[in-house]
2 protein chains.
Amino acid sequence: MRAICLLSGGMDSSTLAYLAKSEGYEIIALHFNYGQRTEQRERNASRTIASLLGVAEFIEVDIGFLTRFGGSSLIDPSIPVEEFDVSRTGLPNTYVPFRNGNLLSIATSCAEVRQADAIFIGVQSQDYSGYPDCRPRFIAAFQQAIDLGTRDETKIRLITPFLHLTKSDILRTGLRLGVPYEHTWSCYQNNEQACGRCGACHFRKAAFAGIGRRDPIRYSPE
Amino acid sequence: MRAICLLSGGMDSSTLAYLAKSEGYEIIALHFNYGQRTEQRERNASRTIASLLGVAEFIEVDIGFLTRFGGSSLIDPSIPVEEFDVSRTGLPNTYVPFRNGNLLSIATSCAEVRQADAIFIGVQSQDYSGYPDCRPRFIAAFQQAIDLGTRDETKIRLITPFLHLTKSDILRTGLRLGVPYEHTWSCYQNNEQACGRCGACHFRKAAFAGIGRRDPIRYSPE
């Protein structure tokens, strides 16, 4: 069995790759650079995780064209990354429109050529920021698009083991599988020390706190 | 009204852009370079058409990563482009897996940021080579993915006016709209004179022959 794993180098996708491997898949890791603020750090994290896990192939894909459209603080330096705010309604400004549609399309092209059986993506509908392209019904719709938009003999299953898990559940899974979280990167804002205040840091810290474990990465002093 | 138009610079997509403009849309033309054999010629054709039509914005997007996956004669120089053969069964080797999934995902990201009302794509299910990502049911599935994977307030309509037309029908439409076909490019194989023998040339020549008009571009001598 062969699987394409979307690997950003963050907590969820690194756990995902370890999980897919533990289920017997040969892993092709797909990493995306899209001009995000922490591009360099995420690239290093994903390379390290892929190498420690022992993937069959590591492919970096440049989708920097997303920065040309803009519209998100992750890829437009003129928009500050907003800090986590429990009272906010609507989407955070870190939302990159239809990013997962893009990632899954590229993964599908790769999967069809490489004859992979599955695409693993670490989307999560709980503990999440309400990104529309992380919702279960989006995933179901995209599975349909894959089924109808590839060769009839191609069968690619979109696998989302974390869809209904909390971030703490994911962490428990990863600790059981030996994921080296010290090499992962989640912060949206910084490349050196994690900011501790953006949405990604907020949820990561809450996940470690939720199971009473210390996060091995370093955060900026408050 | 604003529309994203996928503009390769070929006969169909050029007609499509003229049609969208005639319906009152402000046009954002999206052109893709993906390492195809005729990249340079298609880029020039699409720029010329966009400029003659008077688009609001012309965006070139590089999706050269598709060449890294390979698997198609359009993007892998080691696989010869097959000539049109009426007796062939199955997909021609010019099929680029899930290419339209990629193009539509990028168009959706662009449309959501630019607040466009529609995406025009010149897919056609008749006279076509059986590419799965040109089928009406793929288009319907992708519309679902767009609806569920973008902001709830975002409404982007996927418009495919040529889905059930023949290539001759498209040509009739374009001649009525004044599309300058001498500046379009369809050949999969050559950048200078169209080969006349690949699938794209075959269908183009048949379309002009079907309505008794001379194709204004030059073909290689037989």
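Report on the accompanying structure. Model, not experiment: these values are computed from the prediction.

Description of the overall build of chain A
Inference 1: The secondary structure content of chain A amounts to 7 helices and 5 strands.
Inference 2: Taken from the N to the C terminus, the helices and strands of chain A come in the order β-α-β-α-β-α-α-β-α-β-α-α.
Inference 3: Relative to the compact-globule value of 17 Å for 222 residues, chain A shows a C-alpha radius of gyration of 17 Å, a close match.
Inference 4: Dimensions of chain A along its principal axes, counting C-alpha atoms only, are 55 × 40 × 30 Å.
Inference 5: Here chain A holds 222 residues, and 52% of them are scored as buried.

Topic: the nonpolar core
In a soluble, globular protein the nonpolar side chains are often hidden away together inside.
Inference 1: Core analysis: the biggest nonpolar cluster contains 142 residues, and A:C5, A:L30, A:I119, B:C5, B:L30 and B:I119 have the highest contact counts within it.
Inference 2: Once you skip the residues sitting within four places of it in the chain, A:C5 turns out to touch A:L16, A:A17, A:A20, A:I27, A:A29, A:L30 and A:F120.

Regarding the pairing of strand β2 (residues 26-33) of chain B
Residue and element names in this part refer to chain B.
Inference 1: For β2, the buried fraction is high: 6 of the 8 residues fall into the buried class.
Inference 2: The pairing of strand β1 (residues 2-6) with β2 spans 5 bridges and is parallel. The residue of β2 that forms the bridge with I4 is I28.
Inference 3: A crossover connection joins β1 to the parallel β2 through helix α1 (residues 11-22); in handedness this β-α-β unit is right-handed.
Inference 4: Note that β2 and strand β3 (residues 57-62) share 6 bridges and pair parallel. Bridge pairing in β3 links A29 to F58.
Inference 5: In this region the chain leaves β2, passes through helix α2 (residues 39-53) and returns to the parallel neighbour β3; the handedness of that crossover is right-handed.

Considering the packing of α1(B) against helix α6 (residues 167-177) of chain B
Residues and elements named next belong to chain B.
Inference 1: Two elements in contact, α1 and α6, have axes whose closest approach is 9 Å; the angle formed by their N-to-C orientations is 50°. Looking at the two axes, α1 sits oblique to α6. Remark: the crossing between α1 and α6 carries left-handed chirality. Between α1, through M11, D12, T15, Y18, L19 and S22, and α6, the contact on the second element is made entirely by I170, T173, G174 and L177.

Describing the interface of chain B and chain A
Inference 1: The partner chain A presents 35 residues to the 35 residues of chain B that form the contact.
Inference 2: When contributions to the side of chain B that touches chain A are tallied by element, the ones reaching two or more residues are β3, α3 (65-69), α4 (99-114) and α5 (136-149) of chain B.
Inference 3: It is α4(B) that provides the largest number of residues to the side of chain B that touches chain A, a total of 10 residues.
Inference 4: Counted by class, the side of chain B that touches chain A contains 17 nonpolar, 11 polar and 7 charged residues.

Let's talk about the sheet that holds strand β4 (residues 118-120) of chain A
In a beta sheet, neighbouring strands are held together by backbone hydrogen bonds and run either parallel or antiparallel to one another.
All names here are of chain A.
Inference 1: The 5 strands are arranged β3-β2-β1-β4-β5 in an open sheet whose pairing can be described as parallel. Either end of the sheet is taken by a strand with one partner, and the two such strands are β3 (57-62) and β5 (157-159). Along the sheet, successive strands turn relative to each other by an average axial angle of 25°, direction set aside.
Inference 2: Where β4 and β5 come together, 3 bridges link them in parallel fashion. Note on β5: the bridge partner recorded for F120 is I159.
Inference 3: Together, β1 (2-6), β2 (26-33) and β4 form the strand contacts of helix α1 (residues 11-22), whose direction differs from that of β1 by roughly 170°.

Re the relation of the copies chain B and chain A
Inference 1: For the match of chain B to chain A, the screw axis carries a shift of 0.0 Å, the RMSD comes to 0.0 Å, and the turn is 180°. Taken together, the rotation and translation relating the two chain copies correspond to the operation of a two-fold axis.
Inference 2: A shared binding surface is used by both copies, with 100% of the interface residues of chain B retained as interface residues in chain A.

Cut-offs applied
Residues numbered from 1 in each chain as written. Chains lettered and ligands numbered in written order. Predicted model: local features only at pLDDT ≥ 70, side-chain atom pairs only at ≥ 80, totals over all residues. Helix = DSSP H or I, 4+ residues; strand = E, 2+ residues; numbered from the N terminus. Rg over C-alpha atoms; globule rule 2.2 N^0.38 Å. Buried ≥ 20, exposed ≤ 12 C-beta atoms within 10 Å, placed from the backbone. Core = buried A, V, L, I, M, F, W, Y, C linked by C-beta atoms within 7 Å. Contact = placed C-beta atoms within 7 Å. Pairing = 2+ DSSP bridges. Right-handed = clockwise from strand over helix to strand, strands pointing away. Axes fitted to C-alpha atoms, helices over the stretch in contact; angles between N-to-C directions. Parallel < 35°, antiparallel > 145°, perpendicular 65-115°, else oblique. Left-handed = near helix turned anticlockwise from the far one by under 90°. Nonpolar A, V, L, I, M, F, W, Y, C, P; charged D, E, K, R; others polar. Least-squares fit on C-alpha atoms with pLDDT ≥ 70 in both.

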